[in-house]
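Listed below, chain by chain, are the residues.
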Amino acid sequence: MSGSGRQGSGPGGGLRIGRHEVWPPVVLAPMAGITNVGFRRLCREQGGGIYVCEMITTVALVERNPKTLRMIAFGDDERPRSLQLYGTDPEITAAAVRIVVEKDLADHIDLNFGCPVPKVTRKGGGSALPWRRRLFARLVRAAVDAASPAGVPVTVKMRKGIDDDHLTYVEAGLAAQDAGVAAVALHGRTAAQRYSGTADWDAIATLKQALDVPVLGNGDIWEADDALRMVAHTGVDGVVIGRGCLGRPWLFADLEAAFEGRPERRLPTLGEVAATMRRHAELLVDQFTAGARNPARGERDGCTDFRKHVAWYLKGFPVGSELRRELAMIESLAQLDDLLGKLDPAEPFPVATLGQPRGRTNSPGKVFLPDGWLASRDDDTVPEGAELADSGG
């Protein structure tokens, strides 16, 4: 959701991405299987910002993959419509961007150079690709050139580098800026760190100092006050929220309050959390039943999609294992209502969970790369087999 661009009375100001003025300066990171239409609507009901859909692969879009085309869906009132693309071939990326522009599929395009998973990096994609600086620059420029005639801004999201011995973020940020991007987002971890350890906010500050375009910071924002601390520490123009909102969509209300200088923060009772869970499931059912031939199947699919969120919503609450298990197996809204009715609505929010990591956490690991990948930074050959056929990550 784009705000009016008004300045808040608190830290930070409005964020401009191309022609879009965004308030508060908050971006929801694309997360596979999470940031679909229903979840984005739920988050937008809490507060403003830009809400990015699940990652779309360029080759799947160019080949008109039916699943991918269904994933490019936005609410009628969703503005700007934000789409993240993953690609490794400048020509395919340009073709995908032209489709987005010609079909009016989105108002903002983000390019993924942050994915650390082995199936991506071992082919030279995601967080491995900026190491090949000439290929990186070509790809970004191809996307910008294809999008600019329609006034669609392009941004990039990346990590610090492959590992601490192969950092690329400043050079890549400057190259992206030279290519004409509207903003750069940095997750303050290397690919080798995956989601472990602590995000390096000093690196985000370094990138902010190096660039003229807006810089957004990502990593270890679990509470709204973490976002204020990141802005104060790094000087970034905005923040990117990923795992911190899992099971806590009201974080976006807290973020809006924080950036407007208001002190209130939400600590919902279990009854209020249950109401949010019901709303989330309802939105997913609406998403899956839209245009479906069999509404009952749509309701079942929506409820199935909701199941993964149950543990995040109930984290820290004293809810028995059997009830948790049953909630994570629902097949209908009626079944959900019956089970939510068994929760104690007066149970206070478990404040011990505040500031704690949410979602996936793991250990540092080896980054798998194509043979000879590190040997030449100026080889701009498109990595073989790095294009992904499946969108979503």
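Definitions and cut-offs
- Residues numbered from 1 in each chain as written.
- Predicted model: local features only at pLDDT ≥ 70, side-chain atom pairs only at ≥ 80, totals over all residues.
- Heavy atoms only, no water.
- UniProt positions renumbered as here; feature names shortened; annotations may be inferred.
- Helix = DSSP H or I, 4+ residues; strand = E, 2+ residues; numbered from the N terminus.
- Buried < 20%, exposed > 50% of the residue type's maximum accessible area, 1.4 Å probe, protein only.
- Polar contact = N/O pair within 3.5 Å; in protein donor to acceptor, adjacent residues only side chain to side chain.
- Core = buried A, V, L, I, M, F, W, Y, C linked by side-chain atoms within 4.5 Å.
- Contact = heavy atoms within 4.5 Å.
- Salt bridge = Lys/Arg side-chain N within 4 Å of Asp/Glu carboxyl O.
- Pairing = 2+ DSSP bridges.
- Right-handed = clockwise from strand over helix to strand, strands pointing away.

Taking an unreviewed UniProt entry as the reference, the protein is identified by name as tRNA-dihydrouridine synthase belonging to Micromonospora harpali. According to its UniProt record, the protein has this under Sequence similarities (unreviewed entry): "Belongs to the dus family." According to the UniProt record, the Cofactor (unreviewed entry) comment for the protein is "FMN".

### Remarks on the UniProt feature "domain: DUS-like FMN-binding" (unreviewed entry) in the protein
Feature annotation in UniProt assigns "domain: DUS-like FMN-binding" (unreviewed entry) to the following positions: residues 28-336. In residues 28-336, the share of helix is 45% and the share of strand is 11%. The end C-alpha atoms are 27 Å apart.

### Side note on helix α8 (residues 201-210)
The set of residues buried in α8 consists of Trp201, Ala203, Ile204, Ala205, Leu207 and Lys208. Near the N-terminus of α8, the side chain that reaches the backbone nitrogen of Asp202, with its oxygen 3.1 Å away, is that of Asp200.

### Considerations on the nonpolar core
In terms of nonpolar packing, the biggest core is built from 71 residues, with Leu111 and Val140 touching the most fellow members. Beyond its immediate chain neighbours, meaning those up to four positions away, Leu111 contacts Gln84, Leu85, Thr93, Leu139, Val140, Ala143, Val154, Thr155, Val156 and Lys157.

### Re the pattern of salt bridges
The final tally for this structure, using the stated rule, is 27 salt bridges. Notably, a salt bridge pairs Arg133 with Glu171, separated by 3.0 Å at the nearest N-O pair. One end of the pair, Arg133, is in helix α6 (residues 133-147); the other, Glu171, is in helix α7 (residues 169-179), and 38 residues separate them in sequence. Residue class for Arg133 comes out partly exposed when judged on its relative accessible area of 30%. Residue classification places Glu171 among the partly exposed residues on the basis of a relative accessible area of 32%. Look at the salt bridges and you will find they share partners, linking Arg41, Glu45, Arg278, Arg279, Glu282 and Asp337 into a network.

### Things to note about the sheet that holds strand β4 (residues 50-51)
Taken in spatial order, the nine strands of this open sheet run β4-β3-β11-β10-β9-β8-β7-β6-β5, and their pairing is parallel. Of all the strands in the sheet, just β4 and β5 (56-57) have a single pairing partner and so form its edges. Here five bridges tie strand β8 (residues 154-159) to strand β9 (residues 183-187), and the two strands are oriented parallel to one another. Within β9, the residue paired with Val156 across the bridge is Val184.

### Some remarks on the pairing of strand β10 (residues 215-218)
What you see with β10 is no split at all: Val215 and Gly217 on one side and Leu216 and Asn218 on the other are buried throughout. Pairing of β9 with β10 involves four bridges; the strand directions are parallel. Along β10, the bridge assignment pairs Ala185 with Leu216. Following the chain from β9 across α8 to the adjacent parallel β10, one finds a crossover that is right-handed. With three bridges joining them, β10 and strand β11 (residues 238-241) adopt parallel strand pairing.

### A word on unusual backbone geometry
Cis peptide bonds are those with omega within 30 degrees of zero, and the linkage from Trp23 to Pro24 qualifies with -10 degrees. Here the amide bond leading from Arg79 into Pro80 is cis, since omega sits at -10 degrees, within 30 degrees of zero. Structurally, the position occupied by Pro80 is in the loop between α3 (66-71) and β6 (82-86). Of note in the backbone geometry, Arg194 takes a positive phi value of approximately 55 degrees without being a glycine. Looking at where Arg194 falls in the secondary structure, it is placed in the loop between β9 and α8. The phi torsion at Asp220 lies on the positive side, around 65 degrees, for a residue other than glycine. Assignment of secondary structure puts Asp220 in the loop between β10 and α9 (224-234).

### Observations concerning the pairing of β8
The side chains of a regular strand alternate, first on one face of the sheet and then on the other. In terms of burial, β8 is a largely internal element, six of the six residues being buried. Residues Val154, Val156 and Met158 line one face of β8 and the alternating positions Thr155, Lys157 and Arg159 line the opposite face, and both faces are buried. Direction of pairing for strand β7 (residues 108-113) relative to β8: parallel, over a ladder of five bridges. In the sheet register, Leu111 faces β8, and the bridge partner there is Val156. Of the crossover connections in this fold, the one passing from β8 over α7 to the parallel β9 is right-handed.

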